[in-house]
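Here are the chains, one letter per residue:
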Amino acid sequence: MAQAFSARALLFTKLAAIGIAGMLVAGAVTAYEHFDGPYRLGDAPPQPIPFSHKHHVGDDGIDCRFCHAGVETSSFAGIPATQVCMTCHSQLFTDAAMLEPLRRSAVRNEPLRWTRVHRLPDFAYFDHSIHVKKGVGCIECHGRVDRMPLMRREAPLDMQWCLDCHRDPGPHLRDPARVFEMTPTSAEQATRGVPHVTLATTRRLIDCSTCHR
Amino acid sequence: MSSEVLRGRWGYASVTDKIADLVLRRRTHWLWALGFGIAGTLTLVFLGGIVWLFAVGVGIWGVNIPVAWGFAIVNFVWWIGIGHAGTFISAFLLLLRQKWRNSINRFAEAMTLFAAGIAGMWPILHLGRPWFFYWLVPYPDVMNVWPQWRSPLVWDFFAISTYLTVSLLFWYVGLIPDLATLRDRAHGVWRRMIYGFLALGWRGEARHWARFETAYLLLAGLAAPLVISVHSIVSLDFAIGNTPGYHSTIFPPYFVAGALFCGFAMVLVIAIPMRRFLRLEDFITIRHLDNAAKILLATGLLVAYGYGMEVFTAFYSGDEYEIAIALDRMKGFYAPVYWTLICLNVVVPQILWWRRARRSVATLFAVGILVNIGMWLERFMIVESSLAHDFLPSAWRPFIPTGWDWAMLAGSVGLFALFFLAFVRLLPALSIFEMRELVEEEKEGEVA
Amino acid sequence: MSTTPVTRRDFLKLAGAASALATGACTAPPDEIVPYVKPRAIADGIAQFYATAMTMQGRAVGLLVQSDMGRPTKIEGNPAHPSSLGSTGAFEQASILELWDPARSRTLRHRGVPATREALAAEWRRTLAALEARDGEGLRILTGYVGSATLRAQLAGIAKKHPAMRLHEWEPLHRDNSLEGARLAFGRRVDCAYRFEAADVVVAIDADPLGAGPGWVRHARDFASRRAPQSMGRLYAIETFPSITGSMADHRVALAPAAIRQWLLGLDAALRGETSTALPLVMAAARDLLAHRGRALVIAGESLPPAAHAIVHRMNARLGAPGNTVSYLPPVSGVACAESIKTLSEDMRAGRVRALLVLGGNPAYDAPSDYDFSGALAKVPMSAHVSLYEDETSAACAWHVPRAHYLEEWSDATAHDGTASIVQPLVAPLYGGISVHEAAAMLEDESASPRELVMRALRLEGDAWRTALRDGVVASSAPTPLALAARDVAFTPVDASGWTAAFRPDAAVHGGEFAPNAWLQELPRPESKLVWDNAAYVSPASASQLGVKNGDLIEVSVAGRKVRAPAWILTGHADGTITLPLGYGRERAGPVGSHVGFDAYPLRAAATPWDVACTVTREGGARALAATQLHTSMEGRDPAKRMTLADALSGHAAAHGEKPTESLYPAWPYESYRWAMAIDLNACIGCNACTVACQAENNIPTVGKEEASRGRSMHWIRVDRYEEGGAVLHQPVPCMQCEDAPCEAVCPVGATVHDSEGINVQVYNRCVGTRFCSNNCPYKVRRFNFFHYSAGPGERPVEGSNPQVTTRMRGVMEKCNYCLQRITRARLQADKEDRRIAEGDVVTACQAACPTKAITFGDMADPASAVAQVKRSPRGYTLLEELNTRPRTTYLARVANPNPEAGP
């Protein structure tokens, strides 16, 4: 009586089995890749105005707080109102085509609609003011914006990334007077934190209730 | 003599023919078709329930505060319990060299597999956010968080998944030689292909048999302790809790006994119609039923002892809350449930002291059904009444099941039946090769 | 600080920006940032507080309203306001939902057809021109009690222009009896302001000064100040219905209304020296009162007839109360509501009314049933109704004008003691409503803005105005109390036999005006724990007499008018009487309030506003009622402990039995704060203010009647009611924040964990919903989202909810977390200033609202903190201490101060 499977059928069966397993793995990997927010790490989403931090911060050396006025007092750093942009751009580049949306906003009294680059989940409560006050430099999370022609996300902003710093803040802290500087924290700092930044307790920093409520 | 485990004069060939033909030759009986139809309908109800549940939330059930655990948990414990008998028969009795098991272990294992599978679904359905059930698994994630290991639910997760895996392997490995037999006897290329694929190229060489025996024995060795461990851990879901009526050290043994009790009842409920419709009276003899009945009686007594002890410890402890819940079960909102389950689980099985009862097929079937119901009620009693009547009187509130609760319970029974009916049609309901061993042994018996 | 109201457009921008900031909601907002066009002074994300006031029946409670980016989200009491002292009641708390309620009226309608404000103004001009000839005869304005000087000035202005115009007043829960009683006693109408803090002995005769009516919040605070064992007063309550005041009484007698009047006469006689009476408690109470001349107070409830009030005034005079425990103030109203509405109805029916402006109120629903107000209204050619909702009256009037919510309008208000305060808008009208002042301005073609009108009426400008606006009160504006002599008045009560029907405001929907408010609908009534319904309350004896059990339908009929209602049995209710809560059975109260419960107004005639003889019959059938607590007996478990004054003074410990000390769990190390709470059962009056405050602060959804009847209501702090030996105990139960929390050990995913300050936090976004934690919680304080409640009907839109608190999705557990967001706010501030959080920096929502300050919260680690001190009191005890869960929330036992003479 003949075998149910010829030798070659047998081979195919085995190959098929292996193939299916392989596809599952591949699928899992690609899925994981796409769990990375609407914009992949590092690429710049389109904006109504191609605003360049590189130009404003890097070249003109405008202080972060000029536009992000709430950063020292509020949870939300603040996005400049149209009129804030107009303080300069009523004089400079008044006819630049790329600034048309800005002028329209000012004239029609309609807000600009920027695309969000740094987005945290709604259940994560982040407060800019306390981080700034405790000496976490802007670049720790936002990267060298002074080198970004278009704003892009440099940090994954996922929970383990937050925790890395909350578990051991030292290397990421600097003199609160220098948080707005774009220079990276010095190696010597990274080794032994910053003496003059006081933290109630580092244990508090990894409580769930510190960010979630 | 009437106490034999194999009646009539069967040879290797005839046994093989008989069992294999059940799958390969026998035409579909109209009763089977009817049963399959009903089971299928109930399964659809079950699926419908699940869809609605996932769409709107567990609110469709009667669960509330304080009674946050409802039918889902009751059914879970019930089904997982039913599973145990299969493992007990196939693994324990194998290790104990009980040859009478040979003719019943195959379908008992199938029962285990289906029951445990369905049981495994319930905890997931129970969740408020079932799509996150995998958070109970320790895996590296971007949240840097792990399961909370003090929670018995985590232990549960591992207990159940282990149990499912081992049961599946044990059952499948046992099937391999028979699948090969079917492959060889099947007509039609597709059947042969499928059985052939499943037989994993078994050729029945001595080498195969040698390895097979080792593997089978090892798996039996692995499965045996699970009979004890799984339900013990399930019982900890309650025993660990501080709720009066949950918080009791007697639970693990008490639950294991209950599981076997319920499981053997289910074995009877399945075996009796099966031997009747598949004409297996020669293989599943009165002797088998008699043995099962004895185990039923024994475990039943253990369970009764458990009930007694629960009440005793309640009063012996002097803990006002324990006493209150003990009394509430007897006199409170759920008193009818309590007394019914006492009647079904304690009183009814006593009939099995009589040899005539143990050998009356009808009686055994009835007892089997009643005990299954009784054990479901027991789990209901434990889960719901305790929660409905705990520490603060202001929070007391009974649990009242909704239509969905009942529908999904019925649905899960339907799914079980569906699996089982499919099983007897597509796979050898009895283990061919083990029956042949039996024939062999019987022969030796005669020679000696 | 004062503020100019944000314009509607700004508001919409803020709303957009807010949702883009994604600080509040669980649903993913568009990934967009919408900045302002013009920069604002205050950085986003920092809450601002503005002073205003909420008026009910002409008397206001001062408030501080929290504004997040221009959106009012939470209401607090104004510490500077005499009627509040920082506390609020449930109504004030729930009014934030009223502001945001999507069911509020949005369109101005003429006979049901959308119309414009200009059209209305034009119509008024035409009508008034027509009436000009007979100098305004036929023009009528119907208001409730007017607490606003601005509106009073406006009405006066209109009256000057149209001399023949007539004003009418109608309040369904009017105070005709007390005002008329005052006239009998003093020859003029006056309001009484009680000073409980000065009263050693108080006798409340069918009165509920601690539970309802003008100034109750202040009364409760003052009363509580006299419950401390060291300075403990005594309260006698003689009442028909088990009210909040009755539940706090040291002696309580439940009597039918007729019997109460006899009792009152008995007390009067006893005070005048008569020495024998069969009536219970009279002699004891009388001696007690006389023994405390100048520190005694007798209070008559509104249900008593005018003559009875006059007699009580006489009693108080005899007891030296005036000036000490009670003071007399200019009245809220100069007219008798019943009279006023009567004339109006008759004139309307006779066609003498050409034009009617109804400012607020809902007379078509709540006017005395014997006048058929809405029928008469149909005869008025020009009628306009200004109201928040399109209600019964709106339907009966030619014009419906959407009214601006008090948080959207400029106005002023009067406190229960006469102090004036400013009402300022927190936001531009969300649904395009106009304020009563704008509506009135149409009749006097007044061009000044409401803000100017208010400034004019209060004669305030410049700094004085700004100060008053900031403080929320106009400095030293309280009128000087009147010195009046009470004269003797004869009072012969008619004694009734048979059944009596008593009417009283519902504890949650009041006269019916709050029926559309889901928070209030779902607020367990203090006496019955019923939600989403009213019921005919009867005593157990009456129930067995009628042969009814809870929910069985009965028919109550008065002079041919019938009402079918489900019965509900209340221990402590007077026999032979049926209490019918008003405010239900409304036809047009939006999706939430329509067709809920039964309407008792049809039985309520002008002559018998509070109680009337009736016949009662058992009807077939029953209605399912939803109660949040099914069991009020303590089963000897003593969750709410009581002790005698003697024990309390001698420092007897409330907690009995030896405490468990050992634990298998290692103690938590605490490096900084240890938050803790203490709840004084001796102060708690069970008013539910904490429950609603918590609901507003923590975005807690409502679940509806059916879900509530399944035991699924979501309140994070519930007030348990226990009845024992005639006494009633209220026990607020929030999360206990156990040190050894049973919930933490059993959660498989670590969604409920202990934080470094000892708070047992619930991490919603980690919860998978096994519900094991709830099973294992002995206090059953955990609440589960069985469905997606936060998306249910009657909820605030996301812009209106607290942006600092996650709104929970379906399938997750939630519970009290000591207002983590408030602790966080304080911590961040302190950390920025490199200091510790100071005492009082963190005030939980329940604590802030509590009228009696029964709740103390703070840092246990600091032995000087208030909470640490309170916890050291011998009255302190732990709920279910034997379980050794070591709660952070503990209780102070209730103290009873019965009169030794009174016997048991």
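From a predicted model like this one, the values you see are computed outputs, not experimental measurements.

On the side of chain B, 55 residues touch chain C, which itself brings 57 residues to the contact. Taken over both partners, the interface formed by chain C and chain B buries close to 4500 Å², and the fraction arising from carbon and sulfur atoms is 54%. In this structure, the connection of chain C to chain B is made through one salt bridge. Among the ionic pairs, Lys780 of chain C bridges to Asp390 of chain B, the shortest N-O distance being 2.9 Å. In terms of residue class, the side of chain C that touches chain B is built from 28 nonpolar, 15 polar and 14 charged.

Before going further, it helps to examine the sheet that holds strand E2 (residues 48-56) of chain C. By way of backbone hydrogen bonds, the strands of a sheet pair with one another, either parallel or antiparallel. All names here are of chain C. Spatially, the three strands line up as an open sheet ordered E2-E3-E4, and their pairing is antiparallel. Among the strands making up the open sheet, the edge pair consists of E2 and strand E4 (71-77). Put simply, the sheet's adjacent strands are angled 35° from each other on average, direction ignored. In this structure, E2 lies alongside strand E3 (residues 59-68), joined through nine bridges in antiparallel fashion. Residue pairing for E3: Ala51 is matched across the bridge by Leu64.

Relative to the assigned elements, Cys747 of chain C resides in the loop between helix H24 (742-746) and strand E32 (752-754). For Cys747 of chain C, a relative accessible area of 8% puts it in the buried group. Taking the C-alpha atoms as reference points, Cys747 of chain C and Cys767 of chain C, separated by 20 residues in sequence, lie 8.7 Å from one another. Not counting the four nearest positions on each side in its chain, Cys747 of chain C is found in contact with Gln148 and Ser151 of chain B together with Thr752 of chain C.

In this approach the atoms are scanned with a rolling probe the size of a water molecule, which exposes any empty space left behind. Residue and element names in this part refer to chain C. For the structure on display, the rule yields 16 cavities of 30 Å³ or more. Approximately 1100 Å³ is the volume found for the second largest cavity. Along the walls of the second largest cavity sit 48 residues, with Thr55, Met56, Gly360, Gly361 and Arg403 positioned nearest its centre. Elements with a contribution of two residues or more to the lining of the second largest cavity: E2, strand E7 (139-143), strand E15 (355-359), helix H12 (363-366), strand E18 (411-414) and helix H15 (436-441). Top contributing element to the lining of the second largest cavity by residue count: E2, with four residues.

Each partner contributes to the interface: chain C provides 50 residues, whereas chain A provides 40 residues. Linking chain C to chain A there are four salt bridges. Two residues, Lys134 of chain A and Asp834 of chain C, come together in a salt bridge whose shortest N-O distance is 3.2 Å. For the pair chain C and chain A, the number of links is 20 residue pairs in polar contact (both at pLDDT 80 or more). Broken down by secondary-structure element, the contributors of at least two residues to the side of chain C that touches chain A are helix H1 (8-21), strand E1 (32-33) and helix H26 (820-832) of chain C. Broken down by element, the residue count for the side of chain C that touches chain A peaks at seven residues, all from H26 of chain C.

Reading the values: rules and limits
Residues numbered from 1 in each chain as written. Chains lettered and ligands numbered in written order. Predicted model: local features only at pLDDT ≥ 70, side-chain atom pairs only at ≥ 80, totals over all residues. Heavy atoms only, no water. Contact = heavy atoms within 4.5 Å. Buried area = accessible area lost by both parts, 1.4 Å probe. Salt bridge = Lys/Arg side-chain N within 4 Å of Asp/Glu carboxyl O. Nonpolar A, V, L, I, M, F, W, Y, C, P; charged D, E, K, R; others polar. Pairing = 2+ DSSP bridges. Helix = DSSP H or I, 4+ residues; strand = E, 2+ residues; numbered from the N terminus. Axes fitted to C-alpha atoms, helices over the stretch in contact; angles between N-to-C directions. Buried < 20%, exposed > 50% of the residue type's maximum accessible area, 1.4 Å probe, protein only. 1 Å grid on protein atoms, 1.4 Å probe; cavity = no way out; pocket = protein on both sides within 12 Å on 5 of 7 lines; lining within 4 Å. Points joined across faces, edges and corners; volume = space filled by probe spheres on them. Polar contact = N/O pair within 3.5 Å; in protein donor to acceptor, adjacent residues only side chain to side chain.

Read these as geometric descriptors, not functional statements.
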